[in-house]
Amino acid sequence: MAETAQFKKIIVGVDGSDSSVQALLQAQALAVPLDVPVEAVTCWEIPQLYDRYVVLQAEDFREGAEKVQRDALAKAFGNQVPHNVTARLIHGNPKAALIGESKNASMLVLGRRGRGRFAGHLFGSVSSYLVGHAACPVLVVQPPGAGEVTSA
């Protein structure tokens, strides 16, 4: 007798881009019928600057990431974030952090070529890497308007 797949949770990489907002919406659309939680994960790092002194503290980058995450959740869901959606910040490289998260997830959902507001957080390169290395299935969501045919 075949066992039914046990779904754990759906992880969504959120960088504040329109495509990561679409990824949140797609993850929620998948999660509801499966009755699984969605976890919005935003990664943040202190950028390496070799030629100048940085006065900003680590907390400044964390707070910036938190604002990006809050704004993305508001764009996706308005003032009523669904009860099954939680948010978490991770200090670290998005590729490494999301690979780690994929080990405890049923699916990883990402936006393609998000080009979010954080330097170095280009979901094009991150999503490409995760498709090949994640421990769970990866869904890469197109940015809004991608694939539309325009007449010349």
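What counts, and where the lines are drawn
- Counting of residues starts from 1 at the beginning of each chain's written sequence and follows it residue by residue.
- Local features in this predicted model are restricted to residues whose pLDDT is 70 or higher, and side-chain atom pairs enter the listing and the counts only when it is 80 or higher, whereas totals over whole chains, interfaces and linings include all residues.
- By convention in this description, side-chain values take in all heavy atoms of the structure and omit both hydrogens and water.
- Numbering of helices and strands runs from the N terminus, with a helix taken as a DSSP run of H or I at least four residues long and a strand as a DSSP run of E at least two residues long.
- Note on classification: 1.4 Å probe, protein chains only; a residue is buried when its accessible area is under 20% of the maximum for its type, exposed when over 50%, partly exposed between these limits.
- Note on contacts: a residue pair qualifies if any of its non-hydrogen atoms lie within 4.5 Å across the two residues.
- Residue burial considers only the protein chains on display, and all accessible areas are found by Shrake-Rupley using a 1.4 Å probe.
- A strand pair is defined by DSSP finding two or more bridges across the two strands.
- Whether a crossover is right-handed depends on one test, that the path from the first strand over the helix to the second runs clockwise when the strands point away from the viewer.
- Throughout, an axis means a line fitted to C-alpha atoms (over the contacting stretch in the case of helices), and angles, computed between N-to-C directions, take values from 0 to 180 degrees.

Caption draft 1: Inspection of the overall build of the protein at higher detail. Within the protein, the secondary structure is distributed over four helices and five strands. When the helices and strands of the protein are read in sequence order from the N terminus, they spell out β-α-β-α-β-α-β-α-β. When each of the 152 residues of the protein is scored for burial, the buried share is 41%. Long-range contacts, defined here as pairs at least 24 residues apart, represent 77% of the contacts in the protein between residues at least 6 apart. Carbon and sulfur atoms make up 52% of the accessible area of the protein, which amounts to about 9,000 Å² in all.

Caption draft 2: Focus on the pairing of strand β1 (residues 10–13). Neither face of β1 is open: one carries Ile10 and Val12, the other Ile11 and Gly13, and all of them are buried. The sheet contact formed by β1 and strand β2 (residues 38–44) spans four bridges and is parallel. Bridge pairing in β2 links Ile11 to Glu39. A crossover links β1 with its parallel partner β2, the connecting element being helix α1 (residues 18–34), and its sense is right-handed. Note: β1 against strand β4 (residues 107–111), three bridges, orientation parallel. By the bridge assignment for β4, Val12 is matched with Val109.

Caption draft 3: Just unusual backbone geometry, in detail. You will see that Asp35, though not glycine, has its phi angle at about 55 degrees, which is positive. Within the element layout of this structure, Asp35 appears in the loop between α1 and β2. Judged by relative accessible area, which is 70%, Asp35 ranks as exposed.

Caption draft 4: Focus on the sheet that holds β2. In spatial order, the strands read β3-β2-β1-β4-β5; together these five strands make up an open sheet with parallel pairing. Taken across any chain shown, the strands that pair with only one partner, and hence form the sheet edges, are β3 (85–91) and β5 (138–141). Strand-to-strand twist of the sheet, defined as the mean angle between neighbouring strand axes without regard to direction, takes the value 25 degrees. Bridge count between β2 and β3: seven bridges; the pairing is parallel. Opposite Val38, over in β3, you have Val85 as the bridge partner.

Geometric values such as these leave the question of function open.
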